[in-house]
Amino acid sequence: MANLRYYDDAKAPKEQRGGVYTDYLRTGRINRSTSDARAARRYLTHKEVAERTGRKLEAAGTLAYDRINGFHASIRFPKMIFHRTLDGSPHLGYCHVTAARTRFADYDDVRWSFYMANFFCEIGKDEHFFDDVRRGYSRMYFAVAMDLDREQGKLVINRTVRDGGLLFRTQDPKTALKNVLMLGAKNDALRTIIRAL
């Protein structure tokens, strides 16, 4: 990916409605300060962009967590919110929201984690967690099956569950909420209520 440069446009003065020449016709004066301010852009470092992206991702993750846990008193998930940004593209990142264990379909005990990202992609088959990152889509919600790798001492994607470890992936927040609640439901009566939503 090409070297990206980011600049801070939050403090840049807003250009007036008609531009410099319209202002001259209306007021008789040319305001030269707007062109100077535009030329003096403050560029951001990748670290600053990553910090801003992280704050936005964690705020969205906290909101999603509150909505999930606010559905029903019998469905409670632990709050495990942290974020990561992509190398070389600090404006793109993902946020881990929660993790739990569940039984579904042919699998008795599955650890899973729920994530949200500000891009859309394919979940990688090898070492790469994300493949074919597409920035044209605004967001992605997904859950993956996890397993403990005893050699490395960390959690990795459990590729034996379903489609390479991917439990669901969607762009719709309502569908994501429904899927997470289905994974967290403890009995069939609650699953029936969630399906009806």
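Just above, that's the structure.
Numbers given for residues are sequential positions, taken from 1 along each chain in its written order. Under the rules for a predicted model, residues below a pLDDT of 70 receive no local features and side-chain atom pairs below 80 are neither given nor counted, while totals for whole chains, interfaces and linings still include all residues. By convention in this description, side-chain values take in all heavy atoms of the structure and omit both hydrogens and water.

Asks: Where do I start with the packing of aromatic side chains in this structure?
Replies: We describe a pair of aromatic rings using the distance from one ring centre to the other and the angle between the two ring planes. Side-chain rings of Phe, Tyr and Trp, where Trp is taken by its six-membered ring, are said to pair if the distance between their centres is within 6.5 Å; with planes under 30 degrees apart they count as stacked, over 60 as edge-to-face, and otherwise as tilted. All chains considered together, the criterion is met by four aromatic pairs. Cluster of aromatic residues (ring-pair linked, three or more members): Tyr 94, Tyr 115 and Phe 142.

Asks: Explain the nonpolar core here, please?
Replies: Nonpolar side chains in soluble globular proteins generally cluster together in the buried interior. Formed by 27 residues in total, the largest nonpolar core has its most connected members in Phe 77, Trp 112, Phe 114, Leu 167, Phe 168, Val 180 and Leu 183. Put simply, the parts of the chain that give this core at least two residues each are helix 3 (46-69), strand 4 (89-104), strand 5 (107-117), strand 8 (140-149), strand 10 (166-170), helix 4 (173-184) and helix 5 (188-196). Here, nonpolar core refers to any group of buried Ala, Val, Leu, Ile, Met, Phe, Trp, Tyr and Cys residues whose side-chain atoms link them within 4.5 Å. Any residue under 20% of the maximum accessible area for its type is buried, any over 50% is exposed, and the rest in between are partly exposed; the area is computed with a 1.4 Å probe on protein chains only. Core analysis: the second largest hydrophobic core is formed by 16 residues, Ala 117, Phe 120, Met 140 and Val 144 among them. The helix count covers DSSP runs of H or I at least four residues long, the strand count covers runs of E at least two residues long, and both are numbered beginning at the N terminus.

Asks: Mind showing me how you'd approach the side chain of Thr 102 here?
Replies: Of note, Thr 102 is situated in strand 4. For this analysis, a polar contact is any N or O atom pair within 3.5 Å, provided that within protein one partner can donate a hydrogen and the other can accept it, and provided that sequence-adjacent residues contribute only side-chain to side-chain pairs. A polar atom in the side chain of Thr 102 sits 2.7 Å from the backbone oxygen of Leu 183. Two residues form a contact once any of their heavy atoms are found within 4.5 Å. Once residues lying within four places of it in the same chain are set aside, the contact partners of Thr 102 are Asp 108, Asp 109, Val 110, Trp 112 and Leu 183.

Asks: Hey, could you run me through helix 4 in this one?
Replies: A turn of α-helix holds 3.6 residues, and therefore any two residues three or four places apart point the same way. Expected span, for any helix, means 1.5 Å times one less than how many residues it has. The end-to-end C-alpha distance of helix 4 is 16 Å, a good match for the 16 Å that twelve residues give at a rise of 1.5 Å each. Among the structural elements, helix 3, strand 4, strand 5, strand 8, strand 10 and helix 5 are those in contact with the buried residues of helix 4.

Asks: Would you take a moment to explain the pattern of salt bridges for this structure?
Replies: Here the idea is simple: oppositely charged side chains can pair when their charged atoms come close. Put simply, a salt bridge is a Lys or Arg side-chain nitrogen that is within 4 Å of an Asp or Glu carboxyl oxygen. For the structure on display, the rule yields three salt bridges. The shortest N-O distance in the salt bridge between Asp 109 and Arg 101 comes to 3.0 Å. Here Arg 101 falls in the partly exposed class, since its relative accessible area comes to 48%. With its nearest N and O atoms 3.2 Å apart, the salt bridge here joins Glu 122 to Arg 169. A residue pair is termed long-range when its members are at least 10 positions apart, and Glu 122 in strand 6 (residues 120-123) and Arg 169 in strand 10 qualify at 47 residues. For Arg 169, a relative accessible area of 29% corresponds to the partly exposed category.

Asks: I would appreciate a short explanation of the environment of Phe 168 in the present structure.
Replies: Take Phe 168: it is sitting in strand 10. In sequence terms Phe 168 and Ala 145 are 23 residues apart; their C-alpha atoms lie 9.8 Å from each other. Sequence-distant contacts of Phe 168, defined by excluding residues within four places in its chain, comprise Phe 114, Tyr 141, Phe 142, Ala 143, Ala 176, Asn 179, Val 180 and Leu 183.

Asks: Even after reading the chapter, I still don't get the pairing of strand 4, so can you show me in this structure?
Replies: A regular strand places its side chains on the two faces of the sheet in alternate fashion. Counting buried positions along strand 4 yields twelve of 16 residues, so the element is predominantly enclosed. Here the rule is simple: two strands pair whenever DSSP picks up at least two bridges between them. Count of turn residues in the strand 3 (residues 82-86)/strand 4 antiparallel hairpin: two residues, of which Gly 88 carries a positive phi of about 85°. Relative to strand 5, strand 4 runs antiparallel, the two being bridged by nine bridges. Considered in strand 5, the bridge of Arg 101 is made with Arg 111.

Asks: Help me understand the pairing of strand 3 in this model?
Replies: Looking at chain direction, strand 3 and strand 4 are connected through five bridges and run antiparallel. Each bridged residue has a counterpart across the sheet, and for Arg 84 the counterpart in strand 4 is Tyr 94.

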